[in-house]
Amino acid sequence: MSIMPDATETEVHRLHEAAQKVREELACAREFVPAYLPEQREIIASHMLICQDPKLLQGAVEYIREQSMNAVWALEKTGESLCAAFRAIDDPYLRERVQDIRTVIGRIQSCLYGDKYIASEQETPAVLLAEELSPVDAIELKLERLLSLVTVEGGQATHTAILARSLHIPAVVGVPGLLESSREGELVIVDALKGCIYLEPDETELAEFVRRQEEYSHWREQVRRSAYLPAETLDAVRIEVQANIEEAKECEAVLESGAEGIGLCRTELAYLKGKSLPTENVLYEEYRTIAQSLAPARVIFRTLDLGADKMSEQQQELREANPDLGLRAIRYCLRHQDVFRTQLRALLRAGAHGNVAVMLPMITGIQELETSRRIINEVATELCAEGMPCDPHIPVGVMIEVPAAVMIADALAREVDFFSIGTNDLIHYLLAIDRRNTHVAYLHEPLHPAVVRAVKHVIDCAHHEGIGVSICGELAADPYCLPIFLGMGVDVLSASPQRVPILKHLARKLRKEDCTELAHSVLMTTDVAAANRMVTEALFELLREEVDFHFTMIHTS
Ligand code: PEP
Ligand code: MG
């Protein structure tokens, strides 16, 4: 624990080196996080920040210099006081962040001990029982080997809960005494539906759960096998189900999912990854690969939506007091037209290799749309003059994701080829609830009358002008909303590839006529609780045998 006073500077150096090494390991792990798990990437980024947190490092350095402690112990002491300060905060979300500090300290200490951090050597799929699972642990464990997760630490905002929700892995969190009462290698049943675990189950329990598991696997298999069938309701109304992606490497998953195109290709990753802006050719190669993989199906590329929850370093330097209302998305592109034009050149060029459309994010007024369209036309003329193969008549659509766009949806519909409703931001702005703020997460109500009325109004405006509407926010993937969206007449749902087969399967179990009636009743009420009750009851009625399975999939924490 103690070191010789003349060794303190060597110890300080060791501490900084270890923190830096852990930071690099985390950066490396972050690269392996699949694109469909953006939250995990963010959590790892927050661990990287803790690694260089001045409070943590300087605190430890003081212990080393002033009390001649070794670096491991100095970190332990600093960590204790930091965690105590967090625990005293009367906010469950912040209290749960203690776990982040402990995870990072544990890693730096392991590095100081010279340990290689190996989360598990487990090769076969297994249930993981743990104190808490950090995102890096999960990546190192290899996600496909996790059958289920059970942790001592609990709460909706723990990383285990977030991870389980993203991966649709059954999970039970907040089980005190778990590690003391279980043994490695023993048989365990995890019933995430009821939030129970059974250690060493008896034969009757085992037989019952084996039966339920078989039923569930059968259902999953049925869903998987029918992924290529159209999403046509029982009364022969067809909707399209498309996929949301961020990178070309997801195309294979899209093709396997039975998705009928890509309804949202987010393009920010290339701008957030490196220190410098991506070149036209780098972007073109990526977009062309996606367009070619999906052809003849349509790929909708959303132009750059930097800002708010997707901040580039450049934007962080702007230090806007409220970036969500700041220079984000199309505003940023119209301010930095060189960046916008480079991306548009790449997109129009990719259009020569497939069925490509362009979608503009965060449109709030006609003027923004007109300016964007003018720039798109200029870029097309420029490419044609250069003799560069491109699609000069690329279809252009807008995202409807701010209340202003809802209010002028009639006018916008006359100027574009399609609409896509971004329910993530629409709810954020319409209900004034920061989509990243867990304090107000309880206000997130998909069936809030403001939300359902807005969606219906947008669909009606689009159809009045003869254009199609898709929904590409997270709600598109939510089976609770499916009958409402179907009933309101949406044309396309675009969700992560993993959700596509289930959405198509459930759509085939519904009657459009029933959904229209349900949507009508939901639109008539201003009572959210009543709307939720109506939808839940209708789902039990309309989907009967599907519901139990569906609950199994979503109530994982
Ligand atoms: C949305 O806002 O619903 C959306 C799809 O865009 P993002 O989540 O990328 O902001
Ligand atoms: Mg958005």
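What comes next is a walk through the structure. What you see is a predicted model, and the numbers here were worked out from it, not measured in a lab. As a convention, each chain's residues are numbered from 1 in the sequence order in which they are written. In the order they appear in the text, chains get letters beginning with A and ligands get numbers beginning with 1. Local features in this predicted model are restricted to residues of pLDDT 70 or higher, and side-chain atom pairs are both shown and tallied only at a pLDDT of 80 or more, whereas totals for entire chains, interfaces and linings draw on every residue. Side-chain descriptors were evaluated using all non-hydrogen atoms of the structure, hydrogens and water having been removed beforehand.

The subject of this paragraph is the overall build of the chain. The helix and strand inventory of the chain stands at 26 helices and 14 strands. With a 1.4 Å probe rolled over the protein chains alone, any residue whose accessible area is under 20% of its type maximum counts as buried; one over 50% counts as exposed, and the rest are partly exposed. Split into buried and exposed, the 557 residues of the chain put 52% on the buried side. Sequence separation of at least 24 residues holds for 64% of the intrachain contacts in the chain that already meet a minimum separation of 6. Shrake-Rupley sampling with a 1.4 Å probe provides the accessible areas, and residues are treated as covered by the protein chains on show and by no other component. When the accessible surface of the chain is split by element, carbon and sulfur atoms take 53% of a total near 25,600 Å². Every helix listed is a DSSP run of H or I at least four residues long, and every strand listed is a run of E at least two residues long, numbered separately from the N terminus. Residue contacts are defined here by distance: any two heavy atoms, one from each residue, within 4.5 Å place the two residues in contact.

This paragraph deals with the nonpolar core. Membership of the largest hydrophobic core comes to 107 residues, with the highest contact counts inside it found for I290, L360, I400, F419 and F485. The element contributing the most residues to this core is helix α21 (residues 449-464), with eight residues. Not counting chain neighbours up to four residues away, the residues in contact with I400 comprise A405, V406, L412, F419, S420, I421, G422, L426 and V458. Throughout, nonpolar core names a set of buried Ala, Val, Leu, Ile, Met, Phe, Trp, Tyr and Cys residues whose side chains join them through atoms within 4.5 Å. Within the second largest apolar cluster, 30 residues are counted, among which are L15, L26, M48 and I50.

We define a salt bridge as a contact between a side-chain nitrogen of Lys or Arg and a carboxyl oxygen of Asp or Glu at a distance within 4 Å. Counted according to the given criterion, the structure contains 29 salt bridges. Close ionic contact of R414 with E465 constitutes a salt bridge, the shortest N to O distance being 3.8 Å. You can see R414 sitting in the loop between α19 (409-413) and β12 (418-421) and its partner E465 sitting in the loop between α21 and β13 (468-471), a full 51 residues away along the chain. The salt bridge partner of D460 is K456, with a shortest N-O separation of 2.9 Å. A residue pair is termed a helical-turn pair when its members lie 3 or 4 positions apart in one helix, as D460 and K456 do in helix α21 at four residues. Under the relative-accessibility criterion, D460 is labelled partly exposed at 37%. Look at K456 and you get partly exposed, because its relative accessible area is 25%. Sharing partners across several salt bridges, the network here consists of E268, R302, D305, R328 and D425.

Orientation of helix α4 (residues 71-87) relative to helix α6 (residues 98-113), taken along the N-to-C sense of each, is 180°, at an axis distance of 10 Å. The orientation of α4 relative to α6 falls into the category roughly antiparallel. Contacts from A71, V72, L75, E76, G79, C83, F86 and R87 in α4 reach V98, I101, R102, I105, I108, Q109, L112 and Y113 in α6. Here the nonpolar group is Ala, Val, Leu, Ile, Met, Phe, Trp, Tyr, Cys and Pro; Asp, Glu, Lys and Arg are the charged ones; every other residue, Gly included, is treated as polar. Grouping the constituent residues of the contact of α4 with α6 by class yields eleven nonpolar, two polar and three charged. With axes taken as lines fitted to C-alpha atoms, and helix axes fitted only over the stretch in contact, angles between N-to-C directions fall between 0 and 180 degrees. The labels follow the angle: roughly parallel below 35 degrees, roughly antiparallel above 145, roughly perpendicular from 65 to 115, and oblique for the rest.

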